[in-house]
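Fold and geometry: a report
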Amino acid sequence: MGFTDSRKGSSWGIGCLMRRKQVDSVHARAEGRSQLAKELSILQLIAIGVGSTIGAGVYVLIGTVAREHSGPALTISFLIAGIAAALSAFCYAELSSRCPSAGSAYHYSYICVGEGVAWLIGWALILEYTIGGAAVARGISPNLALLFGGSDSLPAFLARVYIPWLDIVIDPCAAILVLLVTLLLCVGIKESTFAQAVVTSANVCVMVVVIIAGGYLGIQTGWAGYNVPSGFFPFGVNGMLAGSATVFFSYIGFDSVASTAEEVKNPQRDLPLGIGIALSICCFLYMMVSAIIVGLVPYYNMDPDTPISSAFASHGMQWAVYLITAGAITALFSTLMGSILPQPRILMAMARDGLLPSFFSDVNKRTQVPVKSTVGTGIVAAILAFCMDVSELAGMVSVGTLLAFTVVAVSILILRYVPPDVVPLPPSLQDSIDTITLRYSSEENEEEPKDQTDSAGDANVTSSDGESSTSFPLIEKEAVQAKLKEQKRRKIAACNIASVCLGVVILTSAASAESLPSLIRLPLCLVGGLILLCGLVVLSWIDQDDGRHSFGHTGGFICPFVPLLPICCILINVYLLINLGSGTWFRVSIWLVIGVLVYLFYGRTHSSLTDAVYVPTAHADEIYRSSDYLP
């Protein structure tokens, strides 16, 4: 069958929000797109993943969660949170190996969902990494001061200073650290990753020492923390689950691995392994450290601010205070690098697609990194870290991550059931498109002379393009019926993916709305649950799209248990999003509204898909081969 090309890249109406780009392929370099250096191996990806995930929060979070939620069951809380994070990791692993280009969740959503959602995800991630980097940097100077003897022990040019007429506390140390990390990232991805690997290794060594020394103390003292009258679940199973929701945010950070996909030597193999191994290491360390600390000290006696160092100090090990402080500093520095690393690549990806000025898409020819984007990101983060206490804005970091996790899971469902069947090509290929279109149209309309006596028994004659000849009406009828059946299957799948998302929103919103009376909440929960369950059942019953086998770069990781796994991922992430708090959502909404205005007045009209010509996926490579864009 032939095809017709259509211009769907209009910048007007709802159509611009649904524009989807093609997976970056071997033609990207031929089209003049500058590429990042492929320098990263699996060990470097693990260093990025572990360094971005294990922050200083683990040195504080253990005490708070144990005292308020989990008690001795804290280890199980970390395990459940790790499993929940693994659901998103599975989805990231498949998409990063199929679509190994810069941009992470922004890139995947642009391919699978559409330009409107991709813009909001990219815009939210910009906010996440900027505030996240500034918040991490401001957390380093107090720990440095403790390491040197006290809160006022830093040199004057690094110490925090309160400015009364502005009512702000400036932090020169935080700003300097951000600028140093920015400079390091500009040198090259290989060099900056090596530095992060060194710092991450130091942090892991501190945690290993905590585990070994704490295990020895626990054996000597009889694990007093587990011999409490209230038992292993002092707050019940619900308290343990609430602790899981709290510590879940300790695992966000592995998406930084996906942001470096374009710089990986063997993305189909190394990206899934890097994400999986990094998350496994983090989960193991979290569980071991938490198991040791809650065993050394009863949960109700824990210091919520310094649980690990105070637990060792209570057993006469004062040296642990300096060790834990050093571990917190290395963890913060590694997390700072992991926070600043992805944002320039997201800016670069958005600029490549025309949604942001081309300034951000420039790649330095010598270092092969987006130096302009990196410097711009670093300067903004340094200014925030210098003059603004961003602790109140830290919740906004979680919004960007959870939105990205949710859209990535939705993208997996789209990829499996309704992958894009048309791809956009640049208008410069219009001559080749017209040529191929004309050839297929002429082959379809051509009447082949046929000798009835010679070919009466031949029911398998095909045309030159491998499709059934129109001389056989029964074969043609079967082909038309198969096409109509496939179109019906895609419509059913798309409707049920939408119903799953609707059911999740209704269910989680009703379950979280404690202010509503039970007579309203329970029916809403029931309705949302039924809509979600119906969508899951139908998606499990119908066939997945055959196009999923050839979508993007094949041969990489395949997410298991589809559709159940991504739907569970959507459910968990949307529930956490809704429960972030109204203040956080109000501040994020202001940023998103600004993003909508930027898109309407710039991105919508400058998008590289504005004049794109959409053709069937099956013929894209043939059009490239017939043009000057030879790989």
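Reading guide: rules and limits
- Residues numbered from 1 in each chain as written.
- Predicted model: local features only at pLDDT ≥ 70, side-chain atom pairs only at ≥ 80, totals over all residues.
- Heavy atoms only, no water.
- Helix = DSSP H or I, 4+ residues; strand = E, 2+ residues; numbered from the N terminus.
- Buried < 20%, exposed > 50% of the residue type's maximum accessible area, 1.4 Å probe, protein only.
- Contact = heavy atoms within 4.5 Å.
- Areas by Shrake-Rupley, 256 points an atom, 1.4 Å probe, with all protein chains shown as cover.
- Phe/Tyr/Trp six-rings, centres within 6.5 Å; stacked < 30°, edge-to-face > 60°.
- pLDDT = per-residue confidence, 0-100.
- Salt bridge = Lys/Arg side-chain N within 4 Å of Asp/Glu carboxyl O.
- Core = buried A, V, L, I, M, F, W, Y, C linked by side-chain atoms within 4.5 Å.

The helix and strand inventory of the protein stands at 23 helices and four strands. Here the protein holds 631 residues, and the buried ones make up 52% of them. In the protein, of all internal contacts separated by at least 6 residues, the share reaching a separation of at least 24 is 85%. Carbon and sulfur atoms form 66% of the exposed surface of the protein, whose accessible area is close to 27500 Å².

Here we take up the packing of aromatic side chains. One pass over the full model with this rule turns up 19 aromatic pairs. Pairing tryptophan 223 with tyrosine 226 gives two aromatic rings, centres 6.3 Å apart and planes at 55°, and the pair type is tilted. On the basis of relative accessible area, tyrosine 226 is assigned to the partly exposed category, the value being 30%. Taken together, a centroid distance of 5.2 Å and an interplanar angle of 85° make the contact between tyrosine 251 and tyrosine 286 edge-to-face. On the criterion of sequence distance, the pair formed by tyrosine 251 in the loop between helix H9 (236–247) and helix H10 (255–259) and tyrosine 286 in helix H11 (residues 267–296) is long-range, its members being 35 residues apart. Side by side, tyrosine 251 and tyrosine 286 carry an identical accessibility label, which is buried. An aromatic cluster is defined as three or more aromatic residues linked by ring pairs; in this entry it consists of Tyr92, Tyr108, Phe254 and Phe405.

The subject of this paragraph is the environment of phenylalanine 586. Within the fold, phenylalanine 586 resides in helix H22 (residues 582–606). Accessibility expressed as a relative area gives 57% for phenylalanine 586, which makes it exposed.

The share of residues in the protein with pLDDT of 70 or more is 90%, and the mean pLDDT across the chain is 87. Long-range and interchain partners of residues 1–9, a stretch whose pLDDT sits below 50, account for 41 contacts in this model, where long-range means more than four residues apart. Counting interchain partners and residues more than four positions distant, the pLDDT-below-50 stretch residues 447–470 has 22 contacts.

Glancing now at the pattern of salt bridges. For the structure shown, the criterion picks out 13 salt bridges. Between glutamate 94 and arginine 416 there is a salt bridge; the shortest N-O distance is 3.0 Å. A residue pair is termed long-range when its members are at least 10 positions apart, and glutamate 94 in helix H4 (residues 74–98) and arginine 416 in helix H16 (residues 395–417) qualify at 322 residues. With respect to class, glutamate 94 is no different from arginine 416; both count as buried. Here arginine 490 makes a salt bridge to aspartate 421, at a shortest N to O gap of 4.0 Å. Of this pair, arginine 490 sits in helix H19 (residues 473–512) while aspartate 421 sits in the loop between H16 and strand S3 (422–425), and the two are 69 residues apart along the sequence. What makes arginine 490 buried here is its relative accessible area of 16%.

Within the largest apolar cluster, 158 residues are counted, with the highest numbers of intra-cluster contacts made by Tyr59, Tyr92, Phe248, Ile293, Ile308, Phe312 and Leu336. Examining the composition of this core, we find that 16 residues originate from one element, helix H6 (residues 115–147), more than from any other. In this structure, leucine 336 is in contact with Gly133, Val136, Ala137, Ile140, Leu177, Val178 and Val181, ignoring residues within four places of it in sequence. If you look at the next biggest cluster of nonpolar residues, it comprises 10 residues, including Val423, Leu429, Val613 and Ala620.

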